[in-house]
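Listed below, chain by chain, are the residues.
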Amino acid sequence: MIRFENFASYNQYVGLKEPLDDDIDIGYYQPLRMRATSDPVLIDFYRISIKINLVYSNTPDATPITAVFFNSPNLANGWDIAPLPTYTGMYLQLSKKIIAENRFLFKNYLDYGQHEALYLTETEAEEIRTVFELMTPYYNNKKKNNTVLLSYVNVLVSLVEAFYKRQFSTDPKQYNRILTDFQQHLHEYYRQPVKQLPTVQYFADKLGLSANYLGDIIKHLTNKSALENIHDFVVIKAKELLEIKKELNSTEVAYELGFEYPNYFAKFFKKQVNLTPRQYRQSLINK
């Protein structure tokens, strides 16, 4: 599998303009120059691709779509456009270095590439096109206007994030299923002996999703992060064990829940319930 470590080699392979910078690259698609098909390739940077009137080769009679696609480091991606690329659009490429130096540019959706595209309304596509038109002159003179260019890049990535939230609300059936599956796996977790606390990554792996993608859906639907949902459930299980399994002391309850250190369980429980495990048990007796 081919791996592209920089914009220049990838752009040459795809048929895009030579980049003007090693950390930020923006441009417009020119259909006649672009590669129509490719086996999966890897890139070592982040990529936001806005494609307008895109048609895939396996569905040539389908209605063209306008959508945003994402590539991120170590995510394999291939394509097959029929019969030749005819879509237009824009792209933004960001190096890992520029992301590390400007963490506000990173959004969770940059890791969504393996899950779904962001389908744009005409108004949204026009907004993105306008930002690109404003951004391009500063890209062409980056050394003189780097701060302004970064500001426009931030506007763009923030716009796309807002559009994703709209998409999460547009098709609740699809995303509610993910929430239901997450909750089901959470309940099933403690139906067997455990050696550690459940993690967001564990459930993401179970559902075949990235942790960022799962976390954003859970946050959107519950107004709590995936980790907060997990912690809420751990508290419920802790209360059940403290109430029902009176033969277990607090240390044994901690191990049953997957806590490696009992004192961490005591601190966790106190923070969530405002009582220590022992105080909680005593409150049940007092009732």
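Structure: see above.
Bear in mind the structure is a predicted one, so any value in this text is a computation, not a measurement.

Colleague: It is not clear to me how the overall build of the protein chain should be interpreted in this structure. Could you clarify?
Modeller: Helix and strand counts for the protein chain come out as 11 helices and eight strands. Taken over C-alpha atoms, the radius of gyration comes to 24 Å for the protein chain, far larger than the 19 Å a tight globule of 287 residues would show. The dimensions of the protein chain, computed from C-alpha atoms along their principal axes, are 75 × 45 × 40 Å. By residue count, 45% of the 287 residues in the protein chain fall in the buried class. Total accessible area on the protein chain is roughly 15700 Å²; 50% of this is exposed by carbon and sulfur atoms. Considering the protein chain, the positive charge centre built from 33 side chains and the negative charge centre built from 32 side chains are found 7 Å apart.

Colleague: How should the side chain of Lys 51 be read in this particular structure?
Modeller: Take Lys 51: it is sitting in strand 4 (residues 45–54). What Lys 51 contacts, discounting residues up to four positions off in sequence, is Tyr 29, Ile 65, Thr 66, Ala 67, Phe 69, Tyr 87 and Thr 88.

Colleague: What's the story with the packing of helix 5 (residues 172–189) against helix 7 (residues 211–222) in this structure? I'm lost.
Modeller: Close contact between helix 5 and helix 7 brings their axes to 10 Å; oriented N to C, the two are set at 100°. By the criterion of interaxial angle, the relationship of helix 5 to helix 7 is roughly perpendicular. Contacts from Gln 174, Tyr 175, Asn 176, Ile 178, Leu 179 and Phe 182 of helix 5 reach helix 7 at Tyr 213, Leu 214, Ile 217, Ile 218, Leu 221 and Thr 222. Grouping the amino acids of the contact of helix 5 with helix 7 by side-chain chemistry returns nine nonpolar, three polar and no charged.

Colleague: Help me understand the layout of surface pockets in this model?
Modeller: If a probe as big as a water molecule is rolled over the atoms, it shows which places are left empty. The computed volume of the largest pocket comes to approximately 420 Å³. As for the largest pocket, its lining consists of 24 residues, of which Lys 51, Phe 69, Asn 71, Asn 77 and Gly 78 are closest to the centre. For the lining of the largest pocket, the secondary-structure elements that each account for two or more residues are helix 1 (7–14), strand 4, strand 5 (65–71) and strand 6 (77–80). When grouped by side-chain class, the residues that make up the lining of the largest pocket number 13 nonpolar, six polar and five charged.

Colleague: What is the right way to look at the environment of Gln 174 in this model?
Modeller: Examined against the element boundaries, Gln 174 turns out to sit in helix 5. Separated by 132 residues in sequence, Gln 174 and Leu 42 place their C-alpha atoms 29 Å apart. Dropping the residues within four chain positions of it, Gln 174 is found in contact with Glu 116 and Tyr 213.

Colleague: What exactly am I supposed to notice about the environment of Asn 154 here?
Modeller: In this fold, Asn 154 is placed in helix 4 (residues 146–170). Sequence-wise, Asn 154 and Leu 186 are 32 residues apart; in three dimensions their C-alpha atoms are separated by 36 Å. Excluding residues that lie within four positions of it along the chain, Asn 154 makes contacts with Phe 104 and Leu 105.

Colleague: What am I meant to see in helix 3 (residues 122–140) here?
Modeller: Working note: α-helix, 3.6 residues per turn, so residues spaced by three or four point in the same direction. Across its 19 residues, helix 3 extends 27 Å between first and last C-alpha, which sits within 8% of the 27 Å expected from 1.5 Å per residue. Bending of helix 3 peaks at approximately 25° at the position of Leu 134, with proline Pro 137 no more than four residues after it. For helix 3, the set of buried residues is Glu 124, Ala 125, Ile 128, Val 131, Phe 132, Met 135, Thr 136 and Tyr 139.

Colleague: Any chance you could explain unusual backbone geometry here in plain terms?
Modeller: A negative phi angle is the norm for most residues apart from glycine, just as the trans form is the norm for most peptide bonds. A positive phi angle is found at Asn 53, which is not glycine, with a value near 60°. Relative to the helices and strands, Asn 53 resides in strand 4. The partly exposed category is assigned to Asn 53, whose relative accessible area is 46%. Phi at Asn 274 takes a positive value of approximately 70°, unusual for a residue other than glycine. Locating Asn 274 in the fold gives a position in the loop between helix 10 (262–273) and helix 11 (277–286). By relative accessible area, Asn 274 is classed as exposed at 60%.

Basis of the calculations
- Residues numbered from 1 in each chain as written.
- Predicted model: local features only at pLDDT ≥ 70, side-chain atom pairs only at ≥ 80, totals over all residues.
- Heavy atoms only, no water.
- Helix = DSSP H or I, 4+ residues; strand = E, 2+ residues; numbered from the N terminus.
- Rg over C-alpha atoms; globule rule 2.2 N^0.38 Å.
- Buried < 20%, exposed > 50% of the residue type's maximum accessible area, 1.4 Å probe, protein only.
- Areas by Shrake-Rupley, 256 points an atom, 1.4 Å probe, with all protein chains shown as cover.
- Lys, Arg positive; Asp, Glu negative; His and termini not counted.
- Charge placed at Lys NZ, Arg CZ, Asp CG, Glu CD.
- Contact = heavy atoms within 4.5 Å.
- Axes fitted to C-alpha atoms, helices over the stretch in contact; angles between N-to-C directions.
- Parallel < 35°, antiparallel > 145°, perpendicular 65-115°, else oblique.
- Nonpolar A, V, L, I, M, F, W, Y, C, P; charged D, E, K, R; others polar.
- 1 Å grid on protein atoms, 1.4 Å probe; cavity = no way out; pocket = protein on both sides within 12 Å on 5 of 7 lines; lining within 4 Å.
- Points joined across faces, edges and corners; volume = space filled by probe spheres on them.
- Expected span 1.5 Å × (residues − 1).
- Bend = angle between axes of the 7 residues up to and from the residue.

By themselves these figures say nothing about function.
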